Amino acid sequence: MTAHSIATAKVAALDWIDRNAVAIAETNDCLFYFGEPSLEEYESASFLTSVLRNAGFDVETGISDFPTAFMATWGSGAPVIALHAEYDGTPGGSQKSGIAAQDPIVPGAPGHAEGHQANATVMIATALAAKCVMEKLRIKGTLKLFGAPGEELAISRPFFVRDGYFDDVDAAFHNHISDAFFTEVGQTQISLISAEFTFSGESTHAGLTPWLGRDALDAVILMDNGMAQYREHIRPEMRAHRVITNGGSQPNVISEKASVWWYFRGISAEDTRTLFERATDIAEGAARMTQTRLSVDVKSAVWPTRCNRVLACILDRTLREIGMPNWSDEEVDFARKLQQAAGVRVEGLRTEVSRMRGPDAPEMSSNDCGDISWKVPMGRLWFPGSVPNVHFHHWSGGAMLTTSITHKGIIAATKVLTLSILECLSEPNLLSEVRKTFAEEIGDILYSPMIPNDQKPSLRPHLRLMEHYRPLMREYYQLKRPFFEM
Ligand SMILES: [Zn+2]
């Protein structure tokens, strides 16, 4: 493709995105009101796959045994560009959007308190826009859009990679909502293992015959004490945090079963594996001390996230071309009121794009896209749409998610990703440069998934929560579905 026709492709993409801005915003709002937590994204997945099917994509649902996962494909042959996005909310995240005060839609219900619905919206819009331009200008290649459920449990994407869905992919893109507009290079997040430790003992009457009991809750507590002592000796950048998922039923019944669910994090996959193995030793010690039996369920194991430098340069240049959205006085005023109500620094909205993050300045967080980023070159875009200083998984993180602040950020991000993808598809030398630098970046580190070959995903930790809340949340679902002009 000539330089002239790259310019034509970009003009056509920007035109498509501007023409479909209302449908894109409506997609975001539909997902927001579904507000489904990890692995309960049934409405969200069915809505997104229907949009993709209507736009001419082939859709395979339930990939890697996740009922709320999908892969949507359009086009044929090389190069193959993958997009992947999450669309889960969090338990207790229900919050009305456009209200600068804590005010749940349904008290106690799950909801979007971070903005993953915007992440998915950007990816859907990008896939549709890129497809439209490729079709019109006969640009060769394949688009694969992966719906990745359960990001908050860091669970689905290592399974996709293990099961071969990325074997033919040339480059992958991920995105995430933020209050800033930037990309990143090198290692950007850390590795994670999610595992539940279950102890089995003997129940008995706690008053009459406690000497006959073997208390599984004691083992959970001793494991916790062991981890607290061991914490002194872990590397400073390691993290270990947990919730007790089963502590027993009532005080006069000695707990026959008790479980604790841990996340372990380290800079490298190797460090995280070491931390997990030491924790397992401690759990075995706790089982021995209490004469209980231990079983360990590794739910997920994720490599750190890393980003390729050539893809980062394309994203960085393109986001500078597109620039930050122009915020209205009302939007800035709302952001200030929200910051005030959340008790954080009041500074309105950012007006400048940010520097590229990195190289190799990882945050102490993880994302299950990590495995993808070691399998194929990956680029990631952080886009504005949230409000500076408010925090995720807090009511304030959801209070702007259907306002024009988020809608404008989504449009800007869709433009950056679509133009970057069209550039990768149009410039044959670019992808060979991406491949070459990726090989250099990976060096002699041999990637292999940390989850075992035969492992099936463990599903639906929020099933009962949703059985209760889904009927109440359904009353707020958006009836209007987006119409995309192709
Ligand atoms: Zn997130």
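Cut-offs applied
- Residues numbered from 1 in each chain as written.
- Predicted model: local features only at pLDDT ≥ 70, side-chain atom pairs only at ≥ 80, totals over all residues.
- Helix = DSSP H or I, 4+ residues; strand = E, 2+ residues; numbered from the N terminus.
- Rg over C-alpha atoms; globule rule 2.2 N^0.38 Å.
- Buried ≥ 20, exposed ≤ 12 C-beta atoms within 10 Å, placed from the backbone.
- Contact = placed C-beta atoms within 7 Å.
- Pairing = 2+ DSSP bridges.
- Axes fitted to C-alpha atoms, helices over the stretch in contact; angles between N-to-C directions.
- Domains from an automatic or database assignment.
- Parallel < 35°, antiparallel > 145°, perpendicular 65-115°, else oblique.
- Left-handed = near helix turned anticlockwise from the far one by under 90°.
- Expected span 1.5 Å × (residues − 1).
- Core = buried A, V, L, I, M, F, W, Y, C linked by C-beta atoms within 7 Å.

1. A few points about the overall build of the chain
Phase 1 of the analysis: Looking only at helices and strands, the chain has 13 helices and 13 strands in total.
Phase 2 of the analysis: Its C-alpha atoms give the chain a radius of gyration of 23 Å, near enough to 23 Å, the size a compact globule of 486 residues would have.
Phase 3 of the analysis: In terms of its C-alpha atoms, the chain occupies a principal-axis envelope of roughly 85 × 50 × 40 Å.
Phase 4 of the analysis: By the burial criterion, 53% of the 486 residues in the chain qualify as buried.
Phase 5 of the analysis: Residue pairs in contact within the chain that sit at least 24 positions apart in sequence constitute 83% of those at least 6 positions apart.

2. A word on the sheet that holds strand β10 (residues 257-266)
Phase 1 of the analysis: Strand order in the open sheet formed by four strands is β9-β10-β8-β11, with antiparallel pairing between adjacent strands. Each edge of the open sheet is held by one strand with a lone partner, namely β9 (239-246) and β11 (293-302). Looking at each pair of strands side by side, their axes are set apart by 20° on average, direction ignored.
Phase 2 of the analysis: Bridging between strand β8 (residues 191-200) and β11 involves nine bridges; their strand directions are antiparallel. Each residue of the ladder has a partner; that of Ala195, found in β11, is Val298.

3. Here we look at the pairing of strand β2 (residues 70-76)
Phase 1 of the analysis: Within β2, five of the seven residues are buried, leaving the element largely enclosed by the surrounding structure.
Phase 2 of the analysis: Strand direction decides the pairing type here: strand β1 (residues 58-61) and β2, joined by four bridges, are antiparallel. Paired with Glu60 across the two strands is Met71, which belongs to β2.
Phase 3 of the analysis: In this structure, β2 lies alongside strand β4 (residues 141-147), joined through seven bridges in antiparallel fashion. The partner of Ala72 across the bridge, within β4, is Leu145.

4. Details of the domain arrangement of the chain
Phase 1 of the analysis: Each domain of the chain was delimited in the assignment, giving domain 1 (3-189 + 304-474) and domain 2 (191-300).
Phase 2 of the analysis: Between domain 1 and domain 2, the C-alpha centre-to-centre distance is 34 Å.
Phase 3 of the analysis: Domain 1 puts 13 residues into the contact, and the matching count from domain 2 is 14 residues.

5. Quick look at the packing of helix α4 (residues 116-137) against helix α11 (residues 404-426)
Phase 1 of the analysis: Where α4 meets α11, the closest approach of the two axes is 8 Å, and the angle between their N-to-C directions is 45°. Compared by their axis directions, α4 and α11 come out oblique. Where α4 crosses over α11, the two elements pack in a sense that is right-handed. Between α4 and α11, the contacting residues are Ala118, Thr121, Val122, Ala125, Thr126, Ala129, Ala130, Val133 and Met134 on the first element and Thr406, Ile410, Ala413, Thr414, Leu417, Thr418, Ile421, Leu422 and Leu425 on the second.

6. Quick look at helix α6 (residues 216-230)
Phase 1 of the analysis: Between its terminal C-alpha atoms α6 stretches 21 Å, which fits the 21 Å expected from 15 residues at 1.5 Å a residue.
Phase 2 of the analysis: Residues of α6 that are buried include every one of Ala216, Leu217, Asp218, Ala219, Val220, Leu222, Met223 and Met227, and no others.
Phase 3 of the analysis: Looking at the buried side of α6, the elements it contacts are β8, β9, β10 and α7 (269-290).

7. Quick look at the nonpolar core
Phase 1 of the analysis: Formed by 101 residues in total, the largest nonpolar core has its most connected members in Ile124, Ala127, Ala129, Val133, Ala171 and Leu311.
Phase 2 of the analysis: A per-element tally of this core places α4 first, with 13 residues.
Phase 3 of the analysis: Not counting the four nearest positions on each side in its chain, Ala171 is found in contact with Ile81, Leu311, Val376, Pro377, Cys424, Leu431 and Val434.
Phase 4 of the analysis: Grouped together as the second largest cluster of nonpolar side chains are 33 residues, Ala154, Leu217, Val260 and Val302 included.

8. Brief notes about unusual backbone geometry
Phase 1 of the analysis: Cis geometry marks the peptide bond from Ala78 to Pro79, where omega comes out at -5°.
Phase 2 of the analysis: The peptide bond linking Gly358 to Pro359 adopts the cis configuration, its omega dihedral lying at 0°.
Phase 3 of the analysis: Counting through the fold element by element, Pro359 comes out in the loop between α9 (329-342) and α10 (370-375).
Phase 4 of the analysis: A positive phi angle, near 70°, is found at Leu39, a position not held by glycine.
Phase 5 of the analysis: For Leu39, the position within the fold is in the loop between α2 (21-34) and α3 (42-54).
Phase 6 of the analysis: Given 25 C-beta atoms within a 10 Å radius, Leu39 is considered buried.
Phase 7 of the analysis: Of note, the phi angle at Ala154 is positive, near 50°, even though the residue is not glycine.
Phase 8 of the analysis: Structurally, Ala154 can be placed in the loop between β4 and α5 (156-162).

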